[in-house]
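Understanding the architecture of this molecule
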Amino acid sequence: MEEQSLYGRDAELRLLDGLVRGGRDRGGALVIRGEAGIGKSAMLAEARRVAAAEGLLVLSTTGVEAESRLPFAGLYNLLRPVLDRAESLPPPQRDALMAAFGMAAAATPDLFLVALAALNVLGDTDGKALLVVEDAHWLDAASAEVLSFVARRLDADPVLMLAAVRDGFPSAFGAGLPVLRLERLGDEAAAALLDARAGALPPGIRRQVLEEAAGNPLALVELAAAPAAEALRPLSDRLEEAFAARVAQLPAATRTLLLVAAVNDGDALTEVLGAASATAADLGPAVEASLLEPDETRIRFRHPLMRSAIHQRASLAERHAAHAALARVLAGEPGRAVWHRAAALTEPDESVAAGLEETAALSRRRGAATAALSALERAAQLTADPARRAERLLRAAEAAVELGRRDVVTRLVHAAQTAELSARQRGQLLWIEASFGGGLREEHRRPEAIAAAAERVAAGGHIDVALRLLNGAALRSFWTGADPAARPRIVDAAEALGVAGDNPDLLAILAFAAPIERGAKVIASLRRSAERAGDDPDAMRLVGSAAILVGAFDLAQACSAAALPALRKQGRLGLLARALGAQAWSAAHLADLDAGIPAAEECARLAVETSQPLFVGIGQSTAAVLAALRGDEEAARGFATVAEQGALSGGVRPVLATARLARGLAALGAGRYAEAYEHLQHMHDPADPAFHPALRCFSLADLADAAVHSGHGDEAKRIVTEIEELGRQTPSAALHGGLRHARAVLAGDDRAEELFRAALEEGPFARARVQLAYGRWLRRQRRIADSRGLLRAARDTFDSLGVTPWGEQARQELRASGETSRRRTVEAHERLTAQELQIAQMAADGMTNREIGERLYLSHRTVSSHLHRIFPKLAITSRAQLGAIVRNRHVTLASGADGS
């Protein structure tokens, strides 16, 4: 059937042939999409045939609807023939992979650490390999995410992945991958296929089949045997009916065997024969009827529609009996058996519900939140006690929050609300509801309501739940500016919890809810909190985030950088994206392009992969700021536009403010001061979506420089006066540094010099900007000789930082003073992309390709491919030369930043 289904597929076959026979040093992935019966399996079979002829290693897995709740089942089937390679993986990867497969006891493996392990197992091959994923839409969610992650990273590996996905089925597999869509056959190809399979049909019936099949290859073959089908019914229904009619003609023992196989969550022949009380001889009629493929160890349906046809046409009692029989056969595999026991029930059963709860806990330990969610929801359905049912529903809802499944959260929350909840459960419910912006009742999402719930929960002694609630309320206030009047209540509730003053969670809540009002308290505790965080990367990340909001950028960058290695090692890519966002944002304000540019790019990329749109926006808007500092206006505008498009609908103020800052900096660097002021003043208008009460405090120097050159000095002075009032409440280093710069730039000539001198005590970039402004002022005062030293120092600092526009401004001022400067030499590393720069930095530090790959979740071959592109760009020939060219600043907690 497969070969004859390839009529009319010449172009598609040439594409597949080129991919499979292509260069052995590069791979890739392709998703083959189309309706049921369109020939996806036939295309995969042809790819297998070519791969075998070429001597390629072929690994296959098939998504099975009944298996979709078994975590990592599809991945295990794919890797089983090469699983011995896992022994050579670094211990964290090996342990994660084995734990995911239930073959080792380990801490909960992060999904992305499992994915990196799978990537390295698959990439560790001497020759090219072909990975075939059939019915990828029915893969279990954990396998689908892992294989999608792997597929996006195969370009430099000799591995080709082909996956078939049926139209009309939701699937997490294949997002962002190239797609080959199979359309229906043309008239000529359809007729040729039908004649090849059923050439003796009478003309009238032949015409009817061609019309009804409408170019679907499987329909042409199957409807030829049942030409009286009704043309108006959906094709998949007609095909299932044709298969069901074929089953009805089989012996009773064969029909029972097929039903057991259809409901089984595995494909082992021994399981099916045992549950059906059948023998291998009972398979014969099904093979002869072209329902099953011949196989000595597995049950393989010739087409997925055959499985669903058998399942759908069986009565409820027959399906229950089949599940009960499988549960008995699988008694030695309680994780699988309990699902079959559950499928055989129509009434509550606490023993089965408890078994499902244990299965959910095991799934969580294996890093499979989707499987845990399914088990908890089914356990709740089988629970008679209302309180226990609500508890299971809420735990299922928390798993759905982790997965980003808003629709499922809504359904589970509504179900849980039918029971009388305890105070802790009500707090848990509110935290769940507040985790999503839409689809839930607004009054339950307001920060003040969340703070009130936290107070009630804390009164009951549940401090951990209260902290989670208050953190959510503070974050909501920070991101959207929602319910500003609630901020004092959030702060009061957090401070009343009785936790230590240097608790990282407490500091994060205070910094996000009241960065000015509690700035002094947060700043005083930051370094002690960082020391308390120790080896806990999440706590260190929280300290770094708090430091940003209070303007302690040196410490923020140090803490964020300190959190990265452990988050990478643990595979916690969601938190890694957040830590990278904090590192990039603080680096942008310090003009540390070498650290900031790679961090912003990786933040945005990982945030996409981990479904965190807020941090996609942070990564993109920060990349815009960094591009503006570097003098790449086109890139700055591009990043800012994309960030704004994603943030406007949700009113995500930090992203909109950062994008405005980027646009203002780009114009400022180019000397378009009026345009720069127009962009920057949006950040200081409370009615503007880009207004943010904390972030506006860190753009004063930019606003003042734009104002003084565009005739907006008086307006800027009013804004400075507002922020001076805020400065009386917090010792924020960045805020007060900006105030000193703004006062000097906007002052009259009688006070300017003393204010410029006071403003010089800043970090490198800020000090160089003061030197530039001070040198300009001196030159206007005709103190030419005095101006040159400041302008030279500013020029040299700008050049060393790579902030080209400001370096050029310093050169212009020096030329106006009568002194020429050599043109700035473009550093070789500035020609690298963000990811190339990151790889070059790590290689310069002496890391091997495999070590770099582990850090960046890339295969070692991908790292090697990047280095092959990097060397010519840098005009070097060896890794030993990288250290002299690529700078990689290591910011540590001992760097001298004290957060004040």
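It should be emphasised that the depicted structure is a prediction, and the values quoted were computed from it without experimental measurement.

1. Examining helix H31 (residues 613-630)
- Taking 1.5 Å as the rise per residue, H31 with 18 residues should run 26 Å; its terminal C-alpha atoms sit 26 Å apart, in good agreement.
- For H31, the tally of buried residues reaches 15 of 18 residues, placing the bulk of the element in the interior.
- Gly 631 occupies a position one or two residues after H31 and carries a positive phi of about 95°.

2. Structural notes on the packing of helix H36 (residues 713-727) against helix H37 (residues 733-746)
- Where H36 meets H37, the closest approach of the two axes is 10 Å, and the angle between their N-to-C directions is 150°. If you check the angle between H36 and H37, you find them roughly antiparallel. As for the relative orientation of H36 and H37, their crossing is left-handed in sense. In this structure, H36 contributes Gly 713, Ala 716, Lys 717, Val 720, Ile 723, Glu 724 and Gly 727 to the contact, and H37 contributes Leu 735, His 736, Leu 739, Ala 742, Arg 743 and Leu 746.
- Taken together, the residues of the contact of H36 with H37 break down into seven nonpolar, three polar and three charged.

3. Some words on the confidence of the model for the protein chain
- Averaged over every residue, the pLDDT of the protein chain is 87; residues scoring 70 or more account for 93%.
- In the model, residues 227-232 has pLDDT below 50 throughout and makes 12 contacts with residues more than four positions away in sequence or in other chains.
- Note that residues 437-444 has pLDDT below 50 and, in this model, 14 contacts with residues that lie over four places away or in other chains.

4. Focus on unusual backbone geometry
- Look at Asp 135: it is not a glycine, yet its phi comes out positive at around 50°.
- Unlike most non-glycine residues, Ser 611 shows phi in positive territory, near 55°.
- One can find Ser 611 in the loop between helix H30 (593-609) and H31.

5. Thoughts on the packing of aromatic side chains
- What the rule picks out here adds up to 13 aromatic pairs.
- Ring plane angle 45° and centroid distance 6.3 Å describe the contact between Phe 756 and Trp 777, whose orientation is recorded as tilted. Of this pair, Phe 756 sits in helix H38 (residues 749-759) while Trp 777 sits in helix H39 (residues 764-780), and the two are 21 residues apart along the sequence.
- The buried category is assigned to Phe 756, whose relative accessible area is 3%.
- Cluster of aromatic residues (ring-pair linked, three or more members): Phe 478, Trp 479, Phe 512 and Phe 615.
- Here the basic side chain of Arg 153 rests over the ring of Phe 149, its NZ or CZ set 3.6 Å away from the ring centre.

6. Section: the pairing of strand S4 (residues 159-166)
- The element S4 is largely enclosed, with a buried count of eight among its eight residues.
- Neither face of S4 is open: one carries Val 159, Met 161, Ala 163 and Val 165, the other Leu 160, Leu 162, Ala 164 and Arg 166, and all of them are buried.
- Summarising the sheet, strand S1 (residues 28-34) and S4 pair through seven bridges and their orientation is parallel. For Ile 32, the partnering residue across the bridge sits in S4 and is Ala 164.
- Here strand S3 (residues 129-134) runs beside S4; their pairing, made up of five bridges, is parallel. Considered in S4, the bridge of Ala 129 is made with Val 159.
- Read as a crossover between parallel neighbours, the route from S3 over helix H6 (residues 141-151) to S4 is right-handed.

Rules behind the numbers
- Residues numbered from 1 in each chain as written.
- Predicted model: local features only at pLDDT ≥ 70, side-chain atom pairs only at ≥ 80, totals over all residues.
- Heavy atoms only, no water.
- Helix = DSSP H or I, 4+ residues; strand = E, 2+ residues; numbered from the N terminus.
- Expected span 1.5 Å × (residues − 1).
- Buried < 20%, exposed > 50% of the residue type's maximum accessible area, 1.4 Å probe, protein only.
- Axes fitted to C-alpha atoms, helices over the stretch in contact; angles between N-to-C directions.
- Parallel < 35°, antiparallel > 145°, perpendicular 65-115°, else oblique.
- Left-handed = near helix turned anticlockwise from the far one by under 90°.
- Contact = heavy atoms within 4.5 Å.
- Nonpolar A, V, L, I, M, F, W, Y, C, P; charged D, E, K, R; others polar.
- pLDDT = per-residue confidence, 0-100.
- Phe/Tyr/Trp six-rings, centres within 6.5 Å; stacked < 30°, edge-to-face > 60°.
- Lys NZ or Arg CZ within 6 Å of the ring centre and 35° of its normal.
- Pairing = 2+ DSSP bridges.
- Right-handed = clockwise from strand over helix to strand, strands pointing away.

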